[in-house]
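# Reading the structure
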Amino acid sequence: MEKSLLLKELPASSWPRERLLKEGEKHLTDQELLAIILRNGSRSQHVMDLAGLILMEVPNLYDLKQLSIEELMSFKGIGKTKAIELKAVIEFGARIHRSTQPKLGRVSSSFALGNHLVEELKGLQQEHLIAMFLNTKNEIIQQKTIFVGSLNQSIAHPREIFREAVRVSAARIALAHNHPSGNPQPSRNDLDFTARVRKCGEMMGIEVLDHIIVGENEYISLREENYWE
């Protein structure tokens, strides 16, 4: 059990909310995290003191999880509302812990990916650039429209793609965009943009598997059509 600290022993810069903002939640003690959840104490007791007293009464966090609403309310400073909120937070945390990263399918080939994207992107009146973020098993863990507009505009920048790739811990990415004209042949801007993305991917250790360009009822895979050299 961590040593319980009273508020008067802590400088203002070390109070829980300030510490979380400055150092991140992983650096906070159990007492500090519980104090943030409780939000406030009572007229005679600061929330840090309340959190410390609660943790001194339970052998470990598992036992805190097992306390009923009535048992929580036995602590001075914990009313029904706080007890309900605390039980809800504990249960929500447990559900997050049990959750798994969603998978949106597995990329088995450019052919399968291209046919899927034709149905999704054909008929759109503006160009949509989509990035698919994959794990090491080529399972799609996230799909996101990066921007809407022509690839020759300044907003078409690889940083938006790799910011998301890092956020979801992607091992690989695949790109796709549509040509509203219906002609999937790549433009010079398409090829230049793809080369920039691939170069960035090489520097970051994130492989770019393919760039699919979708027309009216067909697609072109830049990898399969030898634009990948």
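Everything in this summary refers to the structure shown in the same document. From a predicted model like this one, the values you see are computed outputs, not experimental measurements. (Residues numbered from 1 in each chain as written. Predicted model: local features only at pLDDT ≥ 70, side-chain atom pairs only at ≥ 80, totals over all residues. Heavy atoms only, no water.)

## Focus on the sheet that holds strand β4 (residues 207-214)
Defined as follows: At least two bridges found by DSSP between two strands are what make those strands a pair. Helical segments are the DSSP runs of H or I of at least four residues, strand segments are the runs of E of at least two, and each set is numbered from the N terminus. Working convention: axes come from line fits to C-alpha atoms, limited for helices to the stretch in contact. Angles between N-to-C directions cover 0 to 180 degrees. Contacts are residue-level and defined by heavy atoms, with any inter-residue pair within 4.5 Å sufficient.
Pairing in this open sheet of five strands is mixed, and the strands run β2-β1-β3-β4-β5 from one edge to the other. Two strands lie at the open edges of the sheet, namely β2 (140-148) and β5 (219-221), each paired on one side alone. Recorded for the sheet is a direction-independent mean angle of 20° between the axes of neighbouring strands. Strand direction decides the pairing type here: strand β1 (residues 128-134) and β2, joined by seven bridges, are antiparallel. From the neighbouring strand, Leu-134 faces β2, where its bridge partner is Ile-140. Each of β1, β3 (172-178) and β4 is contacted by helix α9 (residues 188-204), which is oriented at about 160° to β4, the strand it contacts most.

## With respect to unusual backbone geometry
For the record, the criterion: Residue burial is assigned from relative accessible area. The probe radius is 1.4 Å, only protein chains are included, and a residue is buried under 20% of its type maximum, exposed over 50%, and partly exposed in between.
Residues other than glycine seldom take positive phi values, yet Asn-138 does so here, at roughly 65°. Its location among the elements puts Asn-138 in the loop between β1 and β2. Since its relative accessible area comes to 18%, Asn-138 is described here as buried. One non-glycine residue, Ser-169, adopts positive backbone phi at about 55°. Mapping Ser-169 onto the fold places it in the loop between α8 (158-167) and β3.

## A look at the pattern of salt bridges
Cut-off, in case you're wondering: What makes a salt bridge here is a side-chain nitrogen of Lys or Arg within 4 Å of a carboxyl oxygen of Asp or Glu, nothing more.
The final tally for this structure, using the stated rule, is nine salt bridges. Across the salt bridge formed by Arg-188 and Asp-192, the nearest N and O atoms sit 3.2 Å from each other. Note that Arg-188 and Asp-192 are positioned in helix α9 at a spacing of four residues, about one turn of the helix. Here the salt bridges do not stand alone but share partners, grouping Arg-19, Glu-23 and Glu-32 into one network.

## Considerations on the pairing of β1
Within β1, six of the seven residues are buried, which leaves it mostly tucked inside the rest of the structure. With antiparallel pairing between neighbouring strands as the criterion, β1 and β2 make up a hairpin whose turn holds five residues, including Asn-138 at a positive phi of roughly 65°. In terms of strand pairing, β1 meets β3 through six bridges, oriented antiparallel. Looking across to β3, one finds that Met-132 is bridged to Ala-174.

## Description of helix α2 (residues 30-38)
What sets the pattern is the α-helix's 3.6 residues per turn: residues three or four places apart point alike. Filter applied, for reference: What the arc covers is the set of directions going from the helix axis to the C-beta atoms.
For α2, every residue scored as buried is listed here: Gln-31, Glu-32, Leu-34, Ala-35 and Leu-38. Projection of α2 onto a plane perpendicular to its axis shows the buried side chains occupying an angular sector of 165°, all on one side.

## With respect to the pairing of β4
Summarising burial for β4: seven of the eight residues are buried, a large majority. Bridge count for β3 against β4 is seven bridges, and the pairing is parallel. Pairing of Ala-174 across the sheet is with Asp-210, part of β4. Sheet topology places β4 next to β5; three bridges connect them, and they run antiparallel. Bridge assignment links Ile-213 to a residue of β5, and that residue is Ile-220. Connecting β4 to the next strand, β5, in antiparallel fashion are four residues.

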